[in-house]
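Results of the structural survey
The lines below spell out each chain.
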Amino acid sequence: MSATSFQTDGKKYKLIAFQNVDEALDETESKAWQKLLSVMTHEIMNSVAPISSLADTLKNRLQQSAPLLKHHPGAVDDLELGIETIKRRSEGLLKFAETYRNLNKITTLNLTKVYVRDLFENLHRLMQPTLEQKEIELEIILKDPDLMLEADTNLVEQVLINLVVNAIEAVKSTNQPRIILAGYQSGNSKTIIKVADNGLGIPAEIMDKIFIPFFSTKKHGSGIGLSLCKQIMMLHRGNIQVQSATSEGTVFMLLF
Ligand SMILES: Nc1ncnc2c1ncn2[C@@H]1O[C@H](COP(=O)(O)OP(=O)(O)O)[C@@H](O)[C@H]1O
Ligand SMILES: [Mg+2]
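Let us look at the structure shown here. (Residues numbered from 1 in each chain as written. Chains lettered and ligands numbered in written order. Predicted model: local features only at pLDDT ≥ 70, side-chain atom pairs only at ≥ 80, totals over all residues. Heavy atoms only, no water.)

1. Structural notes on the layout of surface pockets
Using the following cut-off: Only protein atoms enter the 1 Å grid, on which a cavity is a set of points fitting a 1.4 Å probe that cannot get out and a pocket is an open set with protein on both sides within 12 Å along at least 5 of 7 lines, lining residues being those with an atom within 4 Å of a point. Grid points are joined across faces, edges and corners, and a volume is the space filled by probe spheres set on the points. Secondary structure elements follow DSSP: runs of H or I of four or more residues count as helices, runs of E of two or more count as strands, with numbering from the N terminus.
Looking at the largest pocket, its volume works out to about 750 Å³. Lining the largest pocket are 31 residues, and of these Asn-166, Glu-169, Thr-217, Lys-218 and Leu-226 lie nearest its centre. Looking at the lining of the largest pocket, the elements that each hand over two or more residues are helix H4 (153–170), strand S7 (191–197), helix H5 (225–235) and strand S9 (249–255). It is H4 that provides the largest number of residues to the lining of the largest pocket, a total of 8 residues.

2. Brief notes about the nonpolar core
As a rule of thumb, nonpolar side chains are buried together in soluble globular proteins. Short version of the rule: Joining through side-chain atoms within 4.5 Å is the link that ties buried Ala, Val, Leu, Ile, Met, Phe, Trp, Tyr and Cys residues into a set, and such a set is a nonpolar core. Exposure is judged per residue with a 1.4 Å probe applied to protein chains only, and the accessible area is read against the type maximum: over 50% gives exposed, under 20% gives buried, and values in between give partly exposed. Should any heavy atoms of two residues lie within 4.5 Å, those residues are counted as being in contact.
Counting 41 residues, the largest nonpolar core has Leu-163, Ile-193 and Leu-254 as the members making the most contacts within it. Of all elements in the fold, only helix H2 (73–103), helix H3 (116–133), strand S5 (148–151), H4, strand S6 (178–185), S7, H5 and S9 reach the threshold of two or more residues within this core. For this core, the element with the highest residue contribution is H4, accounting for 8 residues. Ignoring sequence-local partners within four residues, the contact set of Ile-193 consists of Val-116, Leu-119, Phe-120, Leu-149, Leu-160, Ala-182, Phe-252, Met-253, Leu-254 and Phe-256.

3. Describing H5
Most of H5 sits inside the fold, with 9 of its 11 residues counted as buried. The complete set of buried residues in H5 reads Leu-226, Ser-227, Leu-228, Cys-229, Lys-230, Gln-231, Ile-232, Met-233 and Met-234. Close packing links the buried residues of H5 with helix H1 (22–64), H2, H4, strand S8 (239–245) and S9. Arg-237 sits one or two residues past H5 and shows a positive phi near 60°.

4. Quick look at unusual backbone geometry
Positioned with a positive phi, Asp-9 is a non-glycine residue whose angle comes to about 50°. Along the polypeptide, Asp-9 turns up in the loop between strand S1 (2–8) and strand S2 (11–17). Phi at Ser-189 is positive, roughly 50°, even though this residue is not glycine. Mapped onto the elements of the fold, Ser-189 is located in the loop between S6 and S7.

5. A few points about the site of ligand 1
Note the cut-off: We call a residue near a molecule or strand when any one of its heavy atoms sits within 4 Å of it. Think of a polar contact as two N or O atoms within 3.5 Å of one another; within protein, one of them needs to be a possible hydrogen donor and the other a possible acceptor, and neighboring residues in sequence only count if both atoms come from side chains. Note on areas: these come from Shrake-Rupley sampling with a 1.4 Å probe, and a residue is covered only by the protein chains present in the view. Grid points define the cavity or pocket, and a molecule sits in it when more than half of its atoms lie within 2 Å of them.
In the vicinity of ligand 1, 20 residues are found, and the nearest of them are Asn-166, Ser-216, Thr-217, Lys-218 and Leu-226. In the environment of ligand 1, an oxygen atom lies 2.4 Å from a nitrogen or oxygen atom belonging to the side chain of Thr-217. Within the backbone of Leu-226, one N or O atom sits 2.8 Å away from an oxygen atom of ligand 1. For ligand 1, the accessible surface in isolation is 540 Å², of which the surrounding protein chains cover 94%. Its atoms largely coinciding with the cavity grid, ligand 1 occupies the largest pocket. Of all the elements in the fold, those that place two or more residues in the shell around ligand 1 are H4, H5 and S9.

Given below as structure tokens:
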């Protein structure tokens with residue numbers, strides 16, 4: 001907020017200006033994460049790649065010298081197991097770093113005009129088998145069938161898929177599971193897309209973590225879904241917002 005006073009025609013005025021710094025803060029935070037993670041993944045790859053190949057070499061050597069060690073069969077087994085573990089864990093770490101590198105690769109957009117109804121139709125077609133199988137009701141609310149976006153269709157579809165997949169997981173133990181897709185134009189002529197579910201909700205204490213790369217509360221979650229959504233929305237100079245109430249549900253809003 002900034003303020004200034006001035007005088008004109010003998011009258012005194014005070015001019016107060018409000019500026020929304022949300023987006024700038026968001027972008028700074030996101031860039032900081034990206035920088036940190038790219039340094040980290042670089043370091044991980046550099047140190048783990050040789051560990052992984054060393055494990056391979058050691059394993060081969062061990063097999064070659066097995067005849068010499070035949071009087072200590074237990075020792076050979078132990079060594080093999082240890083080396084195998086080093087190999088497996090280092091391959092896991094390499095894969096983790098590789099995933100992040102791929103995540104960070106999206107830097108340019110292929111912008112076209114696209115109907116929101118087409119985006120919804122595609123998404124519906126794609127998700128219908130899963131939704132049917134899990135008996136989840138999908139409601140689409142689109143009052144203006146001509147509502148359009150200027151966006152990278154593939155990437156926005158990816159965002160919607162990620163949000164719907166999360167919603168499907170969130171309604172797993174809801175009685176009458178339901179997901180709503182809605183599209184409309186806001187007062188200041190932004191196009192807004194909403195993905196809402198009546199699932200378990202997001203606890204307040206993790207709300208500020210859900211967009212952090214690799215943050216997940218799921219046993220086998222990758223934690224990259226929402227951070228990818230955010231990255232894609234920021235590339236579009238748009239935004240992603242969330243509202244949630246525990247055991248009531250969650251709404252994600254994409255602002256274009
Ligand atoms: N619709 C939702 N309802 C409840 N929690 C959600 C929802 N979407 C995301 N979350 C929370 O945000 C976390 C991060 O989501 P995401 O980045 O997609 O990673 P992942 O799905 O692999 O865990 C999830 O683990 C979950 O705790
Ligand atoms: Mg997810």
